[in-house]
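Close look at the chain arrangement
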Amino acid sequence: MGKLIAVCGSAGSGKTTFSVKFAETLYHRSHGKHSVIALFCDIVTPSIPVIFPNRREEDLFSVGSVLSKTDFYADDVVSHMMMTKDRMNLGYLGYLSGENQNSFPEYKDVRAKNFLDVLCGISDYVIVDCMTMPGGNVLTTSALEKADQTIRLMTPDLACMSYYMSQGKMLAAEGYMRESDIKVMNIPHAELVSLASGTHPADFLLPYSTALTEQYLEGRLSDPLKDKKYLKIMNAIAERAVH
């Protein structure tokens, strides 16, 4: 069975972008020999249109369609996965533009956990981009419960501090926030660089990347990143996460 790694954190902490690049890092660490699946849980603001904004509609598939099946198997998952031509062992699953909470039938945690088991059964690593508020999103809560490792993102601003002060105790009580979580101080925006210069309660400081921002704005988030400083920290996080 593959290793399940959940990515969570406050709103605006860069979970989706991090998940894309973390999956890419795990893939390249094995020189493409390990298979990696990135699953994006957000049904409020679907991630697939952000990752693949220029793909034709007929080349995009929704994870909601798989979860709506009476029974689903590995072939169903693979047929709904987005890939890039040069990285066939790296796949993406998520919701599409226009989809929301009412687009598909509700399902229970048993179905969500079975789905995650199927993903782990066909890949070496499964990266799950969780929603900020786990309650109400069964895929997120199931991933946080089943995760072999959780990576928790934070940003050096008041909004992140307010989130953890408000939600931290509740998340910990429900088992969604643990001492064993890998804590990453992420700098997703240039204006946060100066705020990250002091001490921080994180295991890693992931630097701001101009190249990554350009990819995001140009709709090329799935392209390989060449920022050595950023990738050095990502590789260190990956080393911690897989061991």
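In this report, we go over the structure that sits alongside the text.

What counts and what doesn't
Residues numbered from 1 in each chain as written. Predicted model: local features only at pLDDT ≥ 70, side-chain atom pairs only at ≥ 80, totals over all residues. Heavy atoms only, no water. Helix = DSSP H or I, 4+ residues; strand = E, 2+ residues; numbered from the N terminus. Rg over C-alpha atoms; globule rule 2.2 N^0.38 Å. Contact = heavy atoms within 4.5 Å. Areas by Shrake-Rupley, 256 points an atom, 1.4 Å probe, with all protein chains shown as cover. 1 Å grid on protein atoms, 1.4 Å probe; cavity = no way out; pocket = protein on both sides within 12 Å on 5 of 7 lines; lining within 4 Å. Points joined across faces, edges and corners; volume = space filled by probe spheres on them. Nonpolar A, V, L, I, M, F, W, Y, C, P; charged D, E, K, R; others polar. Salt bridge = Lys/Arg side-chain N within 4 Å of Asp/Glu carboxyl O. Buried < 20%, exposed > 50% of the residue type's maximum accessible area, 1.4 Å probe, protein only.

1. Here's the deal with the overall build of the protein chain
Each helix and strand in the protein chain was counted, giving nine helices and eight strands. What you see for the protein chain is a C-alpha radius of gyration of 17 Å, in line with the 18 Å of a compact globule of 243 residues. For the protein chain, contacts bridging at least 24 residues in sequence account for 75% of all contacts bridging at least 6. Accessible surface, the protein chain as shown: approximately 11700 Å² in total, 53% of it carbon and sulfur.

2. What to know about the layout of surface pockets
The space that makes up the largest pocket amounts to roughly 680 Å³. Taken together, 31 residues make up the lining of the largest pocket; nearest its centre are Gly14, Lys15, Thr16, Thr17 and Tyr216. Only helix H1 (15-29) and helix H8 (210-218) provide two or more residues apiece to the lining of the largest pocket. Taken together, the residues of the lining of the largest pocket sort by class into 16 nonpolar, 12 polar and three charged.

3. Points about empty space enclosed by the protein
Summed over the entire model, instances satisfying the criterion amount to one cavity of 30 Å³ or more. What the largest cavity holds in volume is close to 40 Å³. If you go around the largest cavity, the residues you meet are Cys8, Gly9, Met131, Thr132, Pro134, Leu144, Arg152, Tyr163, Leu171 and Tyr176. Contributing elements (two or more residues each) for the lining of the largest cavity: strand S1 (3-9) and helix H7 (158-173).

4. Some points on the pattern of salt bridges
Going through the model one piece at a time under the given rule, you end up with 12 salt bridges. Lys113 is the partner of Asp109 in a salt bridge, and the nearest nitrogen-oxygen pair spans 4.0 Å. Note that Asp109 and Lys113 are positioned in helix H5 (residues 109-122) at a spacing of four residues, about one turn of the helix. For Asp117, the salt bridge is made with Lys146, and the minimal N-O distance between the two is 3.0 Å. Of the two residues, Asp117 sits in helix H5 while Lys146 sits in helix H6 (residues 138-146), which places them 29 residues apart along the sequence. Residue class for Asp117 comes out partly exposed when judged on its relative accessible area of 30%. Looking at Lys146, the relative accessible area reads 30%, which means it is partly exposed. Connected through salt bridges with shared partners, the residues Lys21, Glu24, Asp86 and Arg87 form a single ionic network.

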